[in-house]
Structure formats: C-alpha cells, structure tokens
Amino acid sequence: MKAIITGIQAETLTPFAYHSLMVQGGTATLPELVSDHALMFGLAATLGMMRSSVCLPKKDYRRDLDAMPWRASVLTTDHPRLLSPVVRRLNLTEEAGYKRRIQDVVKKGNLKDFFTTQEVPPGVIFTGALFGFDPFAYSGQDELVIRIGLHRNGMLRLRPVKVEQVRLNAATAALFGRELSVERYLLYGLQLTQRMPAKDALHEVQQWN
Amino acid sequence: MKALAPYLASIDGLTTESPIDDKKSYIHPKLKNLGSVSLVLIREAVAPVVFRNAEQEITDIEWLDDLYVRAVPNKFKYIERNRGLQILRALGVGGRLPQNKTVLYKGQNPSDAFDLNTLVFGDSANYDNRVLPVRAAVNYSDALSLLPKDKCVDETFHNRAMEDGTLFDAESKKNSDNLFTRHFIKPGTLMVQVLSTRGQVLPEIGLKHLLLSVGMAGSYGGQTSVTGINIRTHVVGLYGGKFEQAITSPYELLRGLQGRDGSDVLAAKARLHELLQAAHDLAIQGDEVAAWQADLIAAFNQSGSELEQQYKQAQPKVAGLFDQWFQ
C-alpha cells in the first residue's frame, strides 16, 4: 500500500439512516460518525469498482476490504445531530395477505408493521482520512459523491482537506488480526481507538493486509 | 436515448464468464463501470395531498433556516413500482407475485419471482432458508417542496357531528368532543425529486420501463385521492455523467432555487435544468423526455408494438441473470 494520506471532509447532502441503535419502536442512527466501511465501500461504488449486478454477493468483509487499494479511518463530527423519528411501514400485506403463522408473529410484536428510524440531517460535516490512495487525483474530480446508509439513499460529498488527527476502527483492524486498544465501544463492528496523528494511523493500516 | 448508452448497462451482457483454471469457469455478473443517470422530476399537487408521519402534521424537514415539506421515497416509489408490475403482467413477461410479497419454494427458479421490475426497483425473496436480496438499480430521493412549509400546507377542521347536524349526542346527553384537524398540502405545491442510478446497472429496457412506470402512475394521496389523481409529474430532464454529482441531491437543488418563485412550474424547470446541465456531461431537457414517455405509453397501448417485442426479448435475459447468480 502506498504511503499516501488523503484528509477527507464529508458533508451529508441528504438525510441517511442506519439501524444502529435500538430505541423504543424502532432504531436510531449513531449521529457522530460515518463508519470506515461506509466510506470504503461507498467510494468503491462511486469509482466503479463494484460488481455490476444488482444482486449482492455473500458477506465477507475481510475478502472485500483486502481487494481494495485503500484503508480508511472513521469519519467523525463535533456537531452530531439527529432528525426526529420518521415512521416507516413494512407493508407486506398490501397486495396479498400473510399466512396465519406470520400474522400471529406480527401481532405479538416481533415483526412490526410500523417502526421508526432516525436519520442524520443534511448539512452535517464529518472529517477523517483515507490511506494509500488519493481518489481525487485518481479520478480528476475535486469532489466525489458517495452513497451510504439504508438503501444507499444517503448522499455524502467528499472533499480533500488537511487532517491532523484521526480515529481508527479497532473492529476492522481485528479482521486483519491486529489488536488495537479501544477507547469507545459503540457496536460490535464499530470500536473507536483514541485519536492519533494521521501518520501513526497510516503506519498502522499499512499492516492491514 | 442513444446518447445515454455510455451510462447504461447492456441487456446482452448482464453476466460474464471467468475461468477458474484451464478447464473450469464460473459465471458472475458483469463488473460495474462508471456511469450515473439521474431523472429529475417535479411532483405537482393538483388536489389536496397528505404526506403524514406519526403526527397529524405533514412530514417536514429543517433546511436553509426554514421548514420544507418532505415526502419520503416510498410515497412515490410504491405506486410506480406497482404500476411497473401491472405493465409486466399486461405484457405477460413477469409480475407473477404481488408487490412486497415474494416467496419462493424449494425447487423454484429465482426467475419465477424476479423480473424486470426487480432489476429496476429492487426486491428480496425468502428462498428455502435463505434470503435473496436484489439491490434496486434506481434510487429514489426524498421529494422536497420548493416553498417553505407554511406557504404550502393548510388545515381543515372536522367534527364527527350527529345525524341531526348538531354535536349533541342524545344518548349520552352531552356535546360530542370528537373534533380534529387534518393537515394537507395545497394544490399547486411543487416538489422536486431525483431518481438516480449509480454505475452501469440499468439496461436501456430498464430505463424505458422506469419512464413508462413513472408516466403511467401519477397518483398518491393518502386519504384524499377520492377525486382522482392528486399528483402530476413533470420531467425536468435526464442527466448523465461518469460520476454522480452533488447537485442531484434535492437539498442542493433547493439551495439553487433560493430567492425564486417556487410556484411556477416552467420557471422552476428552466432554473433546475440550468443548474443540472452545468454539472453533467449529458443533459436531455424535460420536454424531450416527456415526448419519449408519450411515445412509450402509445406503444404500450398498441398490441404487437416494437416495445412489446423488446420486453419479450429482455425477459429471458433478465431471468438468466437471476437464475445464474443465485444458484
């Protein structure tokens, strides 16, 4: 992997949601960060490096990340915001009914017809870094739009900036057999390390192979 | 439509074959390539419409120091996807299962459930003990009103009166307290929405199917659609480029419309086209797209048309993609 550090500023152009946190009646998104996976996969899609098919392959993050020419830090923001909950409806009964067995489950509340999601609003700015690859130089664009969130409905505008300190995701490091100390455990797949200088982070991610 | 070809997939090349060694090979979907097409629409309320969330008020979002009406994608996508199914059923090339209820039994082929509609709008199916997910080729954005919420939402006051026309309930000997307000979006309100693809995943027949579905749907109303359609769709244009552009976010488009008349369809279309054209390699104006749409609808209504042939030719190819991929 080349020793290139590209500081990234990411601005949300539309709201986006993840089913990150369980809240009553639905889920809320973690408002203070965009995960490194979201950035890396989103960028691969934008640069035309994904499968062309609309069908998904078998899930294997190690295999997918290994194939990518870059590694990333988590994108974080100092001004996290969340929108009020939006009600979603799982309308599986619209054109045809459920079987009796499924109906009983729905009534008992395990599969809700109505649930809420909470999204990150447009206009929030995150920062982080990409290592080993400069997508702006590669594509000749001064900004790139990537898609993140549920149904890839969230648009994120990436621009190059200078970044001093970043946080890595210890869970991604663990995929490559590296053990990092964790400052904040958010989800199984999102474990933030302490802030570290971008150079140190580069040194670490160069060993993720 | 030929001009769009560099940004679309080829229907003949949905899959490719790669060798494992000199004897064996495997089939996989064709590698994605750079390309993005955005269809920008203006949704005009032509009768009162309700886009409600959990509360009685219309769903809104704070943006540019004001509140705007926000319709989440499903409000439109659901109707258009349903229309797409009906089109496939009418032509006998798909739509075998109801919308949102795709179940496959052991021994069935994925293509028994998945069709062109799946490719365009996405779907998933339970198959044995697996879930087969298919990503939509086309993403629907939020539809956002061009005017702040206070200028395009009104409310009506209702009561559940007794049969004699008063609120007096003879049985309980008191006035009914069954009073409520209902919020609705006023006719004439314009909302901007963007339908976009990322990567060359949508074949030309898929784009035709999308245009046809959008052109033949047109109504959504929640509670208010008793008088006929209440949403009319205007096409701002079709935009193509190697990369998706930030301006195709409706929130960015709204920024570009600041300080302009948000109730004039023609002016809004012209301004949006100007903004979008500047950022894209290829821009096709709305009138031309609307003319295609009209042609497609005419062709659909005529039996044995070229369009019908194209649908019929595409069907085995789409079926092949799903069968080869999921097995």
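In this text the structure is predicted, and so the values were computed from the model without any measurement. (Residues numbered from 1 in each chain as written. Chains lettered and ligands numbered in written order. Predicted model: local features only at pLDDT ≥ 70, side-chain atom pairs only at ≥ 80, totals over all residues. Heavy atoms only, no water.)

Chemist: Looking at this model, I keep getting lost on helix α6 (residues 265–279) of chain B. Mind explaining?
Modeler: Residues that lie three or four places apart on an α-helix share one face, since the helix turns once every 3.6 residues. For α6(B), with 15 residues, the first-to-last C-alpha span of 21 Å sits near the 21 Å given by 1.5 Å per residue. The opening residue of α6(B) is Asp264(B), an N-cap whose side-chain oxygen sits 3.1 Å from the backbone nitrogen of Leu266(B). (Helix = DSSP H or I, 4+ residues; strand = E, 2+ residues; numbered from the N terminus. Expected span 1.5 Å × (residues − 1). Polar contact = N/O pair within 3.5 Å; in protein donor to acceptor, adjacent residues only side chain to side chain.)

Chemist: When you look at helix α1 (residues 74–91) of chain B in this model, what are you seeing that I'm missing?
Modeler: In this model α1(B) runs 25 Å from its N-terminal to its C-terminal C-alpha over 18 residues, within 8% of the 26 Å that 1.5 Å per residue would give. In the stretch just after α1(B), Gly92(B) is the one whose phi turns positive, near 70 degrees.

Chemist: In this structure, what is going on with the nonpolar core? I would like to understand it.
Modeler: One recurring pattern in soluble globular proteins: nonpolar side chains tend to sit buried together. Residues and elements named next belong to chain B. Ranked by size, the top nonpolar core spans 67 residues in total, and within it Leu4, Leu39, Leu210, Leu238, Tyr311 and Phe322 carry the most contacts. No other element matches helix α8 (residues 306–326), which puts eight residues into this core. Ignoring anything within four residues of it in the chain, the contact list for Leu238 reads Leu4, Val37, Ser38, Leu39, Leu207, Leu282, Ala283, Ile284, Val289 and Trp292. (Core = buried A, V, L, I, M, F, W, Y, C linked by side-chain atoms within 4.5 Å. Buried < 20%, exposed > 50% of the residue type's maximum accessible area, 1.4 Å probe, protein only. Contact = heavy atoms within 4.5 Å.)

Chemist: Sorry if this is basic, but what is going on with the confidence of the model for chain B here?
Modeler: In regions of low pLDDT, the predicted coordinates are not meant to be interpreted in detail. Residue and element names in this part refer to chain B. Taken residue by residue, chain B gives an average pLDDT of 87. The fraction at 70 or more is 95%. Least confident of the elements in chain B is strand β2 (residues 25–29), whose mean pLDDT is 71; most confident is strand β17 (residues 282–285), at 96. In the predicted complex, the global pTM is 0.89; the interface-specific ipTM is 0.87. (pLDDT = per-residue confidence, 0-100.)

Chemist: Any chance you could explain the pattern of salt bridges here in plain terms?
Modeler: Oppositely charged side chains may form a pair once their charged atoms are brought near each other. Applying the stated rule across the entire model yields 23 salt bridges over all chains. Ionic pairing is found between Glu119(A) and Arg70(B), a salt bridge with its closest N-O pair at 3.0 Å. Taken together, the residues span two chains, with Glu119(A) in the loop between β8 (114–118) and β9 (125–131) and Arg70(B) in strand β5 (residues 66–71). Residue Glu119(A) is classed as buried on the basis of its relative accessible area of 6%. Linked through salt bridges whose partners overlap, the residues forming this network are Glu11(A), Glu143(A), Arg157(A), Arg159(A), Glu252(B) and Arg255(B). (Salt bridge = Lys/Arg side-chain N within 4 Å of Asp/Glu carboxyl O.)

Chemist: Which parts of the structure should I look at to understand the sheet that holds strand β6 (residues 103–104) of chain B?
Modeler: In any sheet, the strands associate via hydrogen bonds between backbone groups, in a parallel or an antiparallel arrangement. Residues and elements named next belong to chain B. Taken in spatial order, the three strands of this open sheet run β6-β7-β8, and their pairing is mixed. Two strands close off the open sheet at either side, each with one partner strand: β6 and β8 (130–134). Two strands pair when backbone bridges link them, and β6 and strand β7 (residues 123–127) are joined in this way by two bridges, in the parallel orientation. Bridge assignment links Leu104 to a residue of β7, and that residue is Tyr127. (Pairing = 2+ DSSP bridges.)

Chemist: So what exactly am I meant to see when it comes to the sheet that holds strand β2 (residues 21–23) of chain A here?
Modeler: Residue and element names in this part refer to chain A. Read from one edge of the open sheet, four strands run β2-β3-β8-β7, paired in mixed fashion. This sheet does not close on itself; its edge strands, each paired only once, are β2 and β7 (86–89). Shown here is a sheet whose adjacent strand axes are inclined to one another by a mean of 30 degrees, direction ignored. Where β2 lies against strand β3 (residues 26–28), three bridges are found, and the strand directions are antiparallel. Residue Val23 lies in a different strand from β3, and its bridge partner there is Gly26. (Axes fitted to C-alpha atoms, helices over the stretch in contact; angles between N-to-C directions.)

Chemist: I tried to follow the packing of aromatic side chains on my own but got confused; where do I start?
Modeler: The geometry of an aromatic ring pair is captured by the separation of the ring centres together with the interplanar angle, meaning the angle of the planes. Going through the model one piece at a time under the given rule, you end up with nine aromatic pairs over all chains. On the numbers, 5.1 Å between centres and 50 degrees between planes, the contact of Phe133(A) with Tyr138(A) is tilted. Phe133(A) sits in the buried class, given a relative accessible area of 12%. Under the relative-accessibility criterion, Tyr138(A) is labelled exposed at 52%. Arranged with centres 5.7 Å apart and planes meeting at 70 degrees, the rings of Phe51(B) and Phe76(B) form a pair that is edge-to-face. Highlighted residues: Phe51(B) in the loop between β3 (36–45) and β4 (60–63) and Phe76(B) in helix α1, separated in sequence by 25 residues. Each member of the pair, Phe51(B) as well as Phe76(B), carries the same accessibility label: buried. The ring of Phe76(B) is capped by Arg43(B), whose NZ or CZ atom sits 4.3 Å from the centre of that ring. (Phe/Tyr/Trp six-rings, centres within 6.5 Å; stacked < 30°, edge-to-face > 60°. Lys NZ or Arg CZ within 6 Å of the ring centre and 35° of its normal.)

Chemist: Sorry if this is basic, but what is going on with the packing of α1(B) against α8(B) here?
Modeler: Between two packed helices, both the angle of their axes relative to each other and the distance between the axes serve to describe the pair. Residues and elements named next belong to chain B. One can describe the packing of α1 onto α8 by two numbers: an axis separation of 11 Å at closest approach and a directional angle of 95 degrees. Considering the angle they form, α1 stands roughly perpendicular to α8. When α1 is examined against α8, the residues Ile87, Leu88 and Leu91 are found in contact with a partner set consisting of Glu308, Tyr311 and Lys312. (Parallel < 35°, antiparallel > 145°, perpendicular 65-115°, else oblique.)

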